[in-house]
Amino acid sequence: MNRLCSFTSCSLILISLIMPSLSWANGKILATPGVIQIEGSGGGGLVPWAQLAGYATEDEIAISAFCSRANVKNFQLDSCGGQLNLYDRLEVSFARQNFDVEPLSLTLSQNIIGFKLRVYGDLIYSDWPQVSLGMQHKMLNTPEVAYSLNAKEDSGTDIYLAASKLHLGLLAGYNVLWNVATRYTKANEMGLLGFGGPDGDGSLQAEVSVAVLLNKHLAIGTEYRMKPDNLGLQESDWQDLFIAWFPNKYFTVTLAYLDLGSIAAIPEQNGWYLSLSGAY
């Protein structure tokens, strides 16, 4: 109950902050920045995209914030944070994750500091996809469980390269967005179970997203994220089906069905994801 109240309170505060009378940045087309990913980076819910969070163009600054909840059979993840987009060149992000492990009646938490640099292109106007290089430095605040499972470290840094492109009118007149990324990571269950282990200590993982914009306010899509199995716990790849609503450039709601496979060797972790985000 306390966790629910905390999430609700954060969401109400977020909504109150993202409806200013004047915006700092609104130069991009509605919905093109995507939403906010559970590790704090701009993109989809599971996968960081090449786009930077917020609507800043090359002469603007954007500030974004988000709160999300993922509820599956035996686990719950709450994530809240914020992003700063500097002139559509550099994104700086922070996220705090709290992960409730219901079978053990405990909560794991970590902090994530992220940076994303746009190195080439534009999502719409360049011939080739927009490309960004990013990193997410993760610091586990509750390392005891990770070490008991033979994780090697309680902090680690993911490095990823993402490419995104929006094709106007590609599918029966609808706009189609795709993103592909490759990530070097040592993280076990995104870092909540530490980093590295007896079965691995760093590997490349692929991530893919596809979205169709039904109109300028509504998008549907899917994501797939590969994950390593450093601890030998049958860590599964993640996938989702999502719908995102963009009523304006200040506020976004994302709802998704999650298929997370096995988490900590407990199978059939399916459920729902809700995220509220805003930018100005």
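Coordinates for the structure precede this section.
Residues numbered from 1 in each chain as written. Predicted model: local features only at pLDDT ≥ 70, side-chain atom pairs only at ≥ 80, totals over all residues. Heavy atoms only, no water.

Caption draft 1: Molecular detail of the overall build of the protein. Helix and strand counts for the protein come out as two helices and 14 strands. Its C-alpha atoms give the protein principal-axis dimensions of about 50 × 40 × 35 Å. Looking at the protein as a whole, 53% of its 280 residues are labelled buried. For the protein, the proportion of contacts with a sequence separation of at least 24, taken over those separated by at least 6, is 59%. For the protein, the accessible area works out to roughly 11,900 Å², and carbon and sulfur atoms hold 64% of it. In the protein, the 17 positive side-chain charges and the 26 negative ones have mean positions that sit 5 Å from each other. (Helix = DSSP H or I, 4+ residues; strand = E, 2+ residues; numbered from the N terminus. Buried < 20%, exposed > 50% of the residue type's maximum accessible area, 1.4 Å probe, protein only. Contact = heavy atoms within 4.5 Å. Areas by Shrake-Rupley, 256 points an atom, 1.4 Å probe, with all protein chains shown as cover. Lys, Arg positive; Asp, Glu negative; His and termini not counted. Charge placed at Lys NZ, Arg CZ, Asp CG, Glu CD.)

Caption draft 2: Layout of unusual backbone geometry. Positive phi values are uncommon outside glycine, yet Tyr 87 reaches one of about 60°. On the secondary structure map, Tyr 87 appears in the loop between β4 (75-86) and β5 (90-101). The backbone phi angle of Ala 265 is positive, close to 70°, even though this residue is not glycine. By the element assignment, Ala 265 lies in the loop between β13 (251-259) and β14 (270-279).

Caption draft 3: Focus on the packing of aromatic side chains. For the coordinates displayed, the defined rule picks out two aromatic pairs. Ring geometry for Phe 75 and Phe 99: centres 5.3 Å apart, planes at 5°, overall stacked. Placement of the pair is Phe 75 in strand β4 and Phe 99 in strand β5, with a sequence separation of 24 residues. Under the relative-accessibility criterion, Phe 75 is labelled buried at 2%. (Phe/Tyr/Trp six-rings, centres within 6.5 Å; stacked < 30°, edge-to-face > 60°.)

Caption draft 4: Representation of the nonpolar core in the model. Ranked by internal contacts, the top residues of the largest apolar core, which has 38 residues, are Ile 38, Leu 77, Phe 99 and Phe 246. Mapped onto this core, the elements with two or more residues apiece are β3 (61-72), β4, β5, β10 (203-215), β12 (238-245) and β13. A per-element tally of this core places β12 first, with three residues. Those residues within four positions of Ile 38 in sequence are excluded, and the remaining contacts are Gly 45, Leu 46, Phe 66, Ser 68, Leu 77, Ser 79, Ala 95, Gln 97, Met 190, Trp 238 and Tyr 273. Core analysis: the second largest hydrophobic core is formed by five residues, Ala 53, Phe 66, Ala 95 and Ile 112 among them. (Core = buried A, V, L, I, M, F, W, Y, C linked by side-chain atoms within 4.5 Å.)

Caption draft 5: View of the state of the cysteines. Enumeration over the complete set of coordinates arrives at one disulfide. Residue Cys 67 pairs covalently with Cys 80 via a disulfide, S to S 2.1 Å. Judged by the sign of its S-S torsion, about 120°, the bond between Cys 67 and Cys 80 is right-handed. Of this pair, Cys 67 sits in strand β3 while Cys 80 is found in strand β4, placing the two residues 13 residues apart along the sequence. (Disulfide = S-S within 2.5 Å.)

Caption draft 6: Just the sheet that holds β13, in detail. On the basis of which strands lie adjacent, the closed barrel formed by twelve strands has the order β3-β4-β5-β6-β7-β8-β9-β10-β11-β12-β13-β14 and antiparallel pairing. Recorded for the sheet is a direction-independent mean angle of 20° between the axes of neighbouring strands. Relative to β5, β4 runs antiparallel, the two being bridged by twelve bridges. Each residue of the ladder has a partner; that of Leu 84, found in β5, is Val 92. (Pairing = 2+ DSSP bridges. Axes fitted to C-alpha atoms, helices over the stretch in contact; angles between N-to-C directions.)

Caption draft 7: Focus on a nonpolar patch on the surface. Together, Leu 170, Leu 171, Tyr 174, Leu 214, Ile 220, Leu 241, Ile 243, Leu 255, Tyr 257, Trp 272 and Leu 274 make up a nonpolar patch on the protein surface, roughly 1,000 Å² of accessible area in all. Counting through the fold element by element, Ile 220 comes out in strand β11 (residues 218-225). With a relative accessible area of 35%, Ile 220 lands in the partly exposed category. (Patch = residues over 30% accessible without salt bridge, like charges linked within 9 Å, V, L, I, M, F, W, Y side chains within 5 Å. Salt bridge = Lys/Arg side-chain N within 4 Å of Asp/Glu carboxyl O.)

Caption draft 8: Region of the structure containing the side chain of Lys 138. Within the secondary structure, Lys 138 sits in strand β7 (residues 130-140). Of the residues examined, Lys 138 reaches a relative accessible area of 0% and is grouped as buried. Looking at Lys 138, its side chain comes within polar contact range of the main-chain oxygen of Met 190, at 3.1 Å. (Polar contact = N/O pair within 3.5 Å; in protein donor to acceptor, adjacent residues only side chain to side chain.)

Caption draft 9: Broad picture of the pattern of salt bridges. Evaluated as defined, the whole model comprises 16 salt bridges. Arg 225 is the partner of Glu 39 in a salt bridge, and the nearest nitrogen-oxygen pair spans 2.8 Å. With Glu 39 in the loop between β1 (35-36) and β2 (42-43) and Arg 225 in strand β11, the pair connects residues that are 186 residues apart, well separated along the chain. For Arg 118, the salt bridge is made with Asp 88, and the minimal N-O distance between the two is 3.6 Å. Note that Arg 118 is positioned in strand β6 (residues 106-120) and Asp 88 in the loop between β4 and β5, a separation of 30 residues in sequence. Here Arg 118 falls in the buried class, since its relative accessible area comes to 6%. Through salt bridges with shared partners, a single ionic network connects Glu 39, Lys 138, Asp 158, Arg 183, Glu 207 and Arg 225.

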